[in-house]
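One letter stands for each residue in the lines below.
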Amino acid sequence: LRYNCVVDALVGIIHKKPKEGGISAVGGTGSIYTYYGPEEEKFKNLTTNFLEKDLALIMPALGLAAEPVPLWWTTDFILASPEGTPAAEEKWIVGEFNCSCVGMSRCLAAYCQ
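Residues numbered from 1 in each chain as written. Predicted model: local features only at pLDDT ≥ 70, side-chain atom pairs only at ≥ 80, totals over all residues. Heavy atoms only, no water.

Draft legend 1. Highlighting the overall build of the protein chain. Looking only at helices and strands, one finds 1 helix and 5 strands in the protein chain. When the 113 residues of the protein chain are sorted by exposure, 27% land in the buried category. Look at the contacts in the protein chain between residues 6 or more apart in sequence, and 46% of them connect residues 24 or more apart. Carbon and sulfur atoms make up 58% of the accessible area of the protein chain, which amounts to about 7,800 Å² in all. (Helix = DSSP H or I, 4+ residues; strand = E, 2+ residues; numbered from the N terminus. Buried < 20%, exposed > 50% of the residue type's maximum accessible area, 1.4 Å probe, protein only. Contact = heavy atoms within 4.5 Å. Areas by Shrake-Rupley, 256 points an atom, 1.4 Å probe, with all protein chains shown as cover.)

And the structure:
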C-alpha cells in the first residue's frame, strides 16, 4: 500500500498487488494497481493514525528534527495482520519512505522509451 504525500497532505493511495504467483509488485511485472483517493474509507484507521499521530514523529526519528518533511514523498506500508483482522485492529509496517525517486504510476503509459 503506497501513500503519496505532498508535504503533510495525503493526495492518493495505491494498492499494489503482485500478479498471480508473483512476489514483486513493482511496475512492469504484471502487478495490479488499484487507485484510491485520500479519503478512502477502507484505509481510514491507517490514514488517521499516520497523519494525526505518526507524521510528526517521522523526521525526528530519522535524526532530521529540524527539517520539514519532503515536498513530494511516499510511504509504503505492509500489512502485518492476519487475513480477516478487523480494519480497526490492523497493524501496518512501514517498508519504505521515498523522496528521491517518486514515480507517478498513472503516468507510466506516457513515459519515453
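Draft legend 2. Local environment of the pairing of strand β1 (residues 2–6). Burial analysis of β1 places 4 of its 5 residues in the buried class, the great majority of the element. Where β1 and strand β2 (residues 9–17) come together, 5 bridges link them in antiparallel fashion. Within β2, the residue paired with Tyr3 across the bridge is Ile13. Hairpin connection, β1 to β2: the antiparallel pair is bridged by 2 residues, and Val7 has positive phi, about 55°. Across 5 bridges, the pairing between β1 and strand β4 (residues 72–79) is antiparallel. (Pairing = 2+ DSSP bridges.)

Draft legend 3. Region of interest: the sheet that holds strand β5 (residues 92–98). Read across the open sheet, the 5 strands follow the order β3-β2-β1-β4-β5; overall the sheet is antiparallel. Bordering the open sheet on either side are β3 (32–36) and β5, each of which pairs with just one other strand. This sheet shows a mean twist of 25° between the axes of neighbouring strands, independent of strand direction. Judged from the 6 bridges that link them, β4 and β5 form a sheet pairing that is antiparallel. Bridge assignment links Asp76 to a residue of β5, and that residue is Glu96. Those strands touched by helix α1 (residues 44–61) are β1, β2, β4 and β5, and its axis lies near 120° from that of β4. (Axes fitted to C-alpha atoms, helices over the stretch in contact; angles between N-to-C directions.)

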